[in-house]
Amino acid sequence: MAKRKILFLGETYRADAITWMNGLKEFGDFEIITWELKTPNHTFISRFRRLLEFSTGLFQVKKIVKLQQPDMVIAERTTSYGFLAALSGVKPIAIAQQGRTDLWPEKSVLLPLKKIIQQHAFKKADLIHAWGPVMSISMKATNVDMNKVMVLPKGIDLVKFGNKNSANHSKINAIVTRSLTSEYRHDIILKAFGILNQKEIDFALTIVGDGQELPSLKELATQLNIEKKVNFTGRIPNTKLPELLQQSNIYISMPITEGVSASLFEAMASNCYPIVTDIPGNQSWIKHRENGQLITIEDSGMLADEIIWAFENNDVRNAAVLKNRKFVEENADYSTNMKIIAHKYHELINTYKTN
């Protein structure tokens, strides 16, 4: 019997998308075809070009559909690729909300249009992925048919992200693994470590990844006099990430908005103690000073104080990392969760084939 074909609409370079597609190939024996927008989304001009490209996207997607005859279409982001999936003419459709609402940025002039687009995508979808509870809250608020919603993270590879932590616990070995873009507020993290440096507290800070903020962040580290203690790794192969996490004892992430963070799960699996922003996407998983710490957005002073508290309260930290590893094993195991998702896709395809 020929493999079932899935058309994936979304950015294929993203770690989230790679996990999703690989899981479907591995646990559902699917063949994956992909389509994505080619224009980057960095500047005002490139955003405008991207919008123009998006307007011709449906024509390109329909061309692929005619040529490849996929059995199903899946898409990330309910306000862009999800809308194209809804118009593609393919059934069944599964769409995934990536952010807490996908209606972002909140002050965007396109927000009213995005709401209309999102409503249409929700209505047409046969399955809606909420990668965590925080996403289902916004779905309920917009009257989505919750029978179509699957609340389940894709999960992470617990073999790759093992719990063999080898960090030097005699000092703070902190790690940040988010893209170097403005919404992740790496500057707040550097300022907090600037405060630690002034207090003559020893640390090593590893900032993984690349992004448009890299030059200004390096400059800020120099201004704060901590450049010798901060290691900007740049882009690294995904195989190196588990090793870097296992050499760290504290994981830090300060985004201003969050859906479900695979980076947080990876850190929890690797026995890194999490210190993250106090926002709904993180509150789903972290309880303050129980299994991690929650920091007010853009408060570098509070972050510095809480890093010191975490380091001084070794017992809390040790108990938390054991609890977090167990939680990830029970709730975010990629091999368990992707089997469930792949099985659901086969079910949906079979429903349409027999009707």
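Parameters at a glance
Residues numbered from 1 in each chain as written. Predicted model: local features only at pLDDT ≥ 70, side-chain atom pairs only at ≥ 80, totals over all residues. Heavy atoms only, no water. Helix = DSSP H or I, 4+ residues; strand = E, 2+ residues; numbered from the N terminus. Core = buried A, V, L, I, M, F, W, Y, C linked by side-chain atoms within 4.5 Å. Buried < 20%, exposed > 50% of the residue type's maximum accessible area, 1.4 Å probe, protein only. Contact = heavy atoms within 4.5 Å. Phe/Tyr/Trp six-rings, centres within 6.5 Å; stacked < 30°, edge-to-face > 60°. Lys NZ or Arg CZ within 6 Å of the ring centre and 35° of its normal. Expected span 1.5 Å × (residues − 1). Arc of directions from axis to C-beta. Pairing = 2+ DSSP bridges. Axes fitted to C-alpha atoms, helices over the stretch in contact; angles between N-to-C directions. Right-handed = clockwise from strand over helix to strand, strands pointing away. Polar contact = N/O pair within 3.5 Å; in protein donor to acceptor, adjacent residues only side chain to side chain. Salt bridge = Lys/Arg side-chain N within 4 Å of Asp/Glu carboxyl O.

*Asks:* Even after reading the chapter, I still don't get unusual backbone geometry, so can you show me in this structure?
*Replies:* Glycine aside, residues mostly have negative phi, and peptide bonds are mostly found in the trans state. The omega angle of the peptide bond from Lys 91 to Pro 92 is 0°, so this bond is cis rather than trans. Residue placement: Pro 92 occurs in the loop between helix H3 (81-87) and strand E4 (93-97). Positive phi values are uncommon outside glycine, yet Arg 289 reaches one of about 60°. Unusually for a residue other than glycine, Glu 298 sits at a positive phi of about 60°. Within the element layout of this structure, Glu 298 appears in the loop between strand E12 (293-295) and helix H11 (300-312).

*Asks:* I tried to follow the nonpolar core on my own but got confused; where do I start?
*Replies:* Nonpolar side chains in soluble globular proteins tend to end up buried together. Residues Leu 9, Trp 20, Leu 24, Ile 74, Ile 95 and Tyr 345 are the most contacted members of the largest nonpolar core, which totals 75 residues. Per-element tally for this core: the top contributor is helix H13 (residues 334-354), with seven residues. Those residues in contact with Ile 74 that sit more than four places away from it in its chain are Ile 6, Leu 7, Phe 8, Leu 9, Trp 20, Leu 24, Ala 94 and Tyr 345. In this structure, Ile 189, Phe 232, Ile 295 and Ile 307 belong to the second largest nonpolar core, which totals 33 residues.

*Asks:* In this structure, what is going on with the packing of aromatic side chains? I would like to understand it.
*Replies:* Remark: the centre distance and the inter-plane angle together describe each pair of aromatic rings, the angle taken between the planes. Summed over the entire model, instances satisfying the criterion amount to eight aromatic pairs. The interplanar angle of 70° and the centroid separation of 5.6 Å between the aromatic rings of Phe 27 and Tyr 334 together place this pair among those described as edge-to-face. Separated by 307 residues along the polypeptide, Phe 27 in helix H1 (residues 15-28) and Tyr 334 in helix H13 bring together distant segments of the chain. Of the residues examined, Tyr 334 reaches a relative accessible area of 10% and is grouped as buried. The aromatic ring of Trp 131 is capped on one face by Lys 154, whose charged end is 3.7 Å from the ring centroid.

*Asks:* Can you walk me through H1 in this structure?
*Replies:* Each α-helix winds once per 3.6 residues, and so residues spaced three or four apart point in a common direction. Given a rise of 1.5 Å per residue, 14 residues ought to cover 20 Å, and the 19 Å separating the end C-alpha atoms of H1 matches this to within 8%. Among the residues making up H1, those that are buried are Asp 16, Ala 17, Trp 20, Met 21, Gly 23, Leu 24 and Gly 28. Within H1, the buried residues cover an arc of 155° as seen down the axis, which keeps them to one side. Seen from the open side of H1, the exposed residues pointing more than 90 degrees away from its buried face are Ala 15 and Glu 26.

*Asks:* Just to check I follow, could you spell out the sheet that holds strand E1 (residues 5-9) for this structure?
*Replies:* The strands making up a sheet associate through hydrogen bonds between their backbones, and the pairing can be parallel or antiparallel. A sheet is described by the order of its strands in space; here six strands give the open sequence E2-E1-E3-E4-E5-E6, paired in parallel fashion. Bordering the open sheet on either side are strand E2 (31-35) and strand E6 (149-151), each of which pairs with just one other strand. Taken pair by pair, the neighbouring strands of this sheet meet at an average axis angle of 20°, ignoring direction. Here E1 runs beside E2; their pairing, made up of five bridges, is parallel. Note that in E2 the partner of Ile 6 across the bridge is Ile 32. This element, H1, spans E1, E2, strand E3 (72-76), E4 and strand E5 (127-130) of the sheet and lies at about 155° to E3. The sheet strands contacting H13 are E1, E3, E4, E5 and E6, and the helix crosses E5 at an angle near 165°.

*Asks:* Can you help me understand the environment of Ala 262 in this one?
*Replies:* On the secondary structure map, Ala 262 appears in helix H9 (residues 262-269). Taking the C-alpha atoms as reference points, Ala 262 and Pro 70, separated by 192 residues in sequence, lie 28 Å from one another. Non-local contacts of Ala 262, meaning those with residues more than four positions away in its chain, are made with Asp 16 and Ile 156.

*Asks:* Just to check I follow, could you spell out the pairing of strand E7 (residues 172-176) for this structure?
*Replies:* Where a strand is regular, its side chains alternate between the two sheet faces. Within E7, five of the five residues are buried, leaving the element largely enclosed by the surrounding structure. Alternating positions in E7 separate into two faces, Ile 172, Ala 174 and Val 176 on one and Asn 173 and Ile 175 on the other, with burial throughout. The sheet contact formed by E7 and strand E8 (residues 203-208) spans five bridges and is parallel. Residue pairing for E8: Ile 175 is matched across the bridge by Thr 206. Note that the unit made of E7, helix H6 (residues 186-198) and E8 has a crossover that is right-handed.

*Asks:* Can you help me understand the environment of Thr 56 in this one?
*Replies:* In this structure, Thr 56 sits in helix H2 (residues 44-68). Put simply, Thr 56 and Lys 3 are 53 residues apart on the chain and 29 Å apart in space, counted from C-alpha to C-alpha.

*Asks:* Got a minute to help me understand the pairing of E1 in this structure?
*Replies:* Of all five residues in E1, four are buried, a share of seventy percent or more. Looking at chain direction, E1 and E3 are connected through four bridges and run parallel. Paired with Phe 8 across the bridge in E3 is Ile 74.

*Asks:* Explanation requested: the side chain of Gln 246 in the structure shown.
*Replies:* Locating Gln 246 in the fold gives a position in helix H8 (residues 241-246). Of the polar contacts made by the side chain of Gln 246, one reaches the backbone oxygen of Gly 162; its length is 3.2 Å. Excluding anything up to four places from it in sequence, Gln 246 contacts Lys 160, Phe 161, Gly 162, Lys 164, Asn 165, Ser 166, Ala 167 and Ser 270.

*Asks:* Just to check I follow, could you spell out the pattern of salt bridges for this structure?
*Replies:* Summed over all chains, the structure comprises 16 salt bridges. Of the charged contacts in the structure, one is a salt bridge between Glu 76 and Arg 14, with a shortest N-O distance of 2.6 Å. Of this pair, Glu 76 sits in strand E3 while Arg 14 is found in the loop between E1 and H1, placing the two residues 62 residues apart along the sequence. Neither residue differs from the other here; Glu 76 and Arg 14 are each classed as buried. By sharing partners, the salt bridges in this structure join Arg 14, Asp 16 and Glu 76 into a single network.

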